[in-house]
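Fold and contact review
Single-letter residue listing:
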Amino acid sequence: MIFHQPSNSQYNYSYNATVYHDVSWQPHFHRNFEVICVLSGAVDCMVNGKRGVLKAGEFGMCLSNEVHEYRSVGASVSWVGVFSGDFVHAFEKQTKNKTGNDFRFVCPNESFRYLSAALLH
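Residues numbered from 1 in each chain as written. Predicted model: local features only at pLDDT ≥ 70, side-chain atom pairs only at ≥ 80, totals over all residues. Heavy atoms only, no water.

In this section: the packing of aromatic side chains. Here the structure, examined in full by the defined rule, presents 4 aromatic pairs. Taken together, the ring pairs in this structure connect Phe33, Phe83 and Phe91 into an aromatic cluster. We note Arg104 situated over the ring of Phe103; from NZ or CZ to the ring centre the distance is 5.3 Å. (Phe/Tyr/Trp six-rings, centres within 6.5 Å; stacked < 30°, edge-to-face > 60°. Lys NZ or Arg CZ within 6 Å of the ring centre and 35° of its normal.)

Moving on to the nonpolar core. The tendency in soluble globular proteins is for nonpolar side chains to be buried side by side. Ranked by size, the top nonpolar core spans 12 residues in total: Val23, Ile36, Val38, Val43, Cys45, Val47, Leu54, Cys62, Tyr70, Val80, Val82 and Phe103. Looking at this core, the elements with two or more residues in it are β4 (33–47) and β7 (68–83). Among the elements that line this core, the one with the most residues is β4, at 5 residues. Not counting chain neighbours up to four residues away, the residues in contact with Cys45 comprise Lys50, Arg51, Gly52, Leu54, Glu69, Tyr70 and Phe103. (Core = buried A, V, L, I, M, F, W, Y, C linked by side-chain atoms within 4.5 Å. Buried < 20%, exposed > 50% of the residue type's maximum accessible area, 1.4 Å probe, protein only. Helix = DSSP H or I, 4+ residues; strand = E, 2+ residues; numbered from the N terminus. Contact = heavy atoms within 4.5 Å.)

Below, the structure is given as structure tokens:
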């Protein structure tokens, strides 16, 4: 069953971030953007019907109102950040009513090392 997450559909510069051990979220959607970064292990992700496994050092992005879910593959640690379009006006405007070709992306190794060091210590 797919559910709407109203707490992540707010504006007024809303933002929240959580580090999850063995993340598990049922299919859901919300207005705000969402980024997941796998810090260790692997996470099976589905975004708008496209499925893929993110491994340590890989990221996923959900646009506004895209249905998404996460399931840890064994032990994993992930950072999930959810933020309103207020922070990224131009990006929000460009992506309104659109879906991405692929939700996965990588950042330079030094960016991942900085993020993981900051979040895990």
